[in-house]
Amino acid sequence: MATPWRLGLTKLASSPVTLSIHAHNALSRTPMRHPISATHAAHSTLMEANTSTARVQALYDAAANCFGANATSDGDEAAMDALKEAMAHVTAADLALPTMDQTQNTPRGWLGALGMGSSGDTNITYLEPNEPIVTNNFTVGIFCLAPGATIPLHDHPGMTVVSRLITGRMQVRSFDWASPDDSPASSYAPRRALEVKPAGTEVREGDIMMLHADEGGNLHEFTALEYTCILDVLAPPYSPSGGRDCTYYSMADDGGGGGGGGGGDNSYLLEPFTPPSSFDVRRVRYTGVKPTV
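Parameters and conventions
- Residues numbered from 1 in each chain as written.
- Predicted model: local features only at pLDDT ≥ 70, side-chain atom pairs only at ≥ 80, totals over all residues.
- Heavy atoms only, no water.
- Helix = DSSP H or I, 4+ residues; strand = E, 2+ residues; numbered from the N terminus.
- Buried < 20%, exposed > 50% of the residue type's maximum accessible area, 1.4 Å probe, protein only.
- Contact = heavy atoms within 4.5 Å.
- Areas by Shrake-Rupley, 256 points an atom, 1.4 Å probe, with all protein chains shown as cover.
- Core = buried A, V, L, I, M, F, W, Y, C linked by side-chain atoms within 4.5 Å.
- Polar contact = N/O pair within 3.5 Å; in protein donor to acceptor, adjacent residues only side chain to side chain.
- Expected span 1.5 Å × (residues − 1).
- Salt bridge = Lys/Arg side-chain N within 4 Å of Asp/Glu carboxyl O.
- Pairing = 2+ DSSP bridges.
- Axes fitted to C-alpha atoms, helices over the stretch in contact; angles between N-to-C directions.
- pLDDT = per-residue confidence, 0-100.
- Phe/Tyr/Trp six-rings, centres within 6.5 Å; stacked < 30°, edge-to-face > 60°.
- Lys NZ or Arg CZ within 6 Å of the ring centre and 35° of its normal.

J.: Can you explain the overall build of the protein? Please cite residues and give values.
T.: A tally of helices and strands in the protein yields five helices and 14 strands. When each of the 293 residues of the protein is scored for burial, the buried share is 51%. Counting contacts in the protein only where the partners sit at least 6 residues apart, residues at least 24 apart contribute 78% of the total. Accessible area for the protein stands at about 12,500 Å²; split by element, carbon and sulfur atoms hold 49% of it.

J.: With reference to specific residues and values, describe the nonpolar core.
T.: With 36 residues, the main nonpolar core has Leu83, Leu95, Leu97, Ile142 and Val233 as its most contacted residues. Of all the secondary-structure elements, those providing two or more residues to this core are α2 (52-67), α3 (77-89), β4 (139-145), β6 (160-167), β9 (208-211) and β11 (228-235). The greatest single-element share of this core, amounting to seven residues, is contributed by α2. Setting aside residues no more than four positions away along its own chain, Leu95 makes contact with Val56, Val90, Ile142, Ile166, Leu231, Tyr286 and Gly288. Val172, Ala224, Ile230 and Phe279 belong to the second-largest nonpolar core, a separate cluster that totals 23 residues.

J.: Before we move on, can you summarise the side chain of His154 with the specific residues and values?
T.: Along the chain, His154 turns up in strand β5 (residues 150-154). On the basis of relative accessibility, which here comes to 4%, the residue His154 falls in the buried class. Within the structure, His154 has its side chain in polar contact with the backbone oxygen of Pro152 (distance 2.6 Å).

J.: Which residues make up α3, and what are the values?
T.: In this model, α3 (13 residues) spans 19 Å end to end at C-alpha, consistent with the 18 Å of a helix rising 1.5 Å per residue. Those residues of α3 not exposed but buried are Ala79, Met80, Asp81, Ala82, Leu83, Lys84, Glu85, Ala86 and Met87.

J.: Which residues make up the pattern of salt bridges, and what values do they have?
T.: Using the criterion set out here, one finds five salt bridges in the structure. Measuring nitrogen to oxygen at the nearest pair gives 2.8 Å for the salt bridge that ties Arg204 to Glu202. It is possible to trace a salt-bridge network through shared partners that takes in Arg169, Glu202, Arg204 and Glu226.

J.: Explain α2 to me, and be specific about the residues and the numbers.
T.: For α2, built from 16 residues, the straight-helix expectation of 22 Å at 1.5 Å per residue is met to within 8% by its first-to-last C-alpha distance of 23 Å. Considered for burial, the residues of α2 that qualify are Arg55, Val56, Gln57, Ala58, Leu59, Tyr60, Ala62, Ala63, Cys66 and Phe67.

J.: How would you sum up the sheet that holds strand β12 (residues 249-252)? Please name residues and give values.
T.: Strand order across the open sheet formed by six strands is β5-β10-β7-β8-β13-β12, with antiparallel pairing between neighbours. The open sheet has two edge strands, β5 and β12, and neither has a second partner. Ignoring strand direction, the axes of neighbouring strands in this sheet form an average angle of 35°. Both β12 and strand β13 (residues 267-272) contribute to a ladder of four bridges, which runs antiparallel. Its bridge partner lying in β13, Tyr249 is registered against Pro272.

J.: An account of the environment of Val233 is needed here, citing residue identities and associated values.
T.: The residue Val233 is located in strand β11 in this model. Through-space distance from the C-alpha of Val233 to that of Val140 is 4.6 Å; in sequence the pair is 93 residues apart. For Val233, the residues in contact, after removing those within four places along its chain, are Leu59, Ala63, Phe67, Leu83, Met87, Phe138, Thr139, Val140, Thr160, Val161 and Val162.

J.: Go over the confidence of the model for the protein with me, naming the residues and quoting the values.
T.: Looking at the protein, the pLDDT average stands at 74 and 65% of residues meet or exceed 70. Confidence drops under pLDDT 50 across residues 255-260; counting only partners more than four residues distant or on other chains, this segment forms eight contacts.

J.: Just give me the short version of the packing of aromatic side chains, but keep the residues and values in it.
T.: Each aromatic ring pair is summarised here by two numbers: the centre-to-centre distance and the angle between the ring planes. Across all of its chains, the model carries five aromatic pairs by this definition. Ring geometry for Tyr60 versus Phe138: centroids 5.5 Å apart, planes at 50°, classification tilted. Of this pair, Tyr60 sits in helix α2 while Phe138 sits in the loop between β3 (133-134) and β4; the two residues are 78 residues apart in sequence, bridging distant segments of the chain. Across the pair, Phe138 and Tyr60 agree in class, each one buried. The interplanar angle of 75° and the centroid separation of 5.7 Å between the aromatic rings of Tyr248 and Phe279 together place this pair among those described as edge-to-face. In this pair, Tyr248 is assigned in the loop between β11 and β12 and Phe279 in the loop between β13 and β14 (281-283), connecting sequence segments 31 residues apart. Classification of Tyr248 by relative accessible area gives buried; the value is 0%. You can call Phe279 buried: its relative accessible area is 6%. It is Arg173 that lies over the ring of Tyr268; its NZ or CZ is 5.1 Å from the centre.

Here is the structure:
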């Protein structure tokens, strides 16, 4: 049986590890229900990707072209569009992810479909194709959340994150730091942030989200409304030694009368905190198509 691990580590371990403070990027201003077309050459390649192996390989190749050590695009717009389009073609079956039919809408069915058996009690799991696809430049992973599961508000310092809902539906809330001076996580003092996506913003199957390294604090939190799987490409990966640790935040007194959005400027005071022990993410063996790295 798989061993629990704590979310927030650059490299996943096979034994319990200490919860680290994590960083994640802000939700792009508008979730994409349809992928943006890339260059003609990239589009032709995707049109030929009519098998699971080809689709997953196209995803990895597009990520490497955008962020890899030998990238020629340096994350430019055309390369980013090609990555989004490659992500849009990947299916749950390609990644061997559970469907609603397989889970029968029960936690036992959800865990069983992920190969965890019936004895697990976590409601968030994580899988990595090719265990792992991690380079010095980017990483690819999949989060699976049962209904009601929440990944707390967290940041992504200096990172770009591209995410697509492969299955399911969830609510997203996101923030940017109110001042550029607040952006570096140089201290654990409370800092003020502006709400970008209000609580309750819904994201559905097929939506693509972008978190840009140069767009402020890029903080967000997720709450699954049904069985949900999220495909993530992070560039560069988390690295505490490289200044890209993940910090979780809770709402503090915003100085505006005790409620959020004090002073009418839609700002909140966010305070770093350590999530409770109940926030536990279990690493699960990936059984879908594996790309050639």
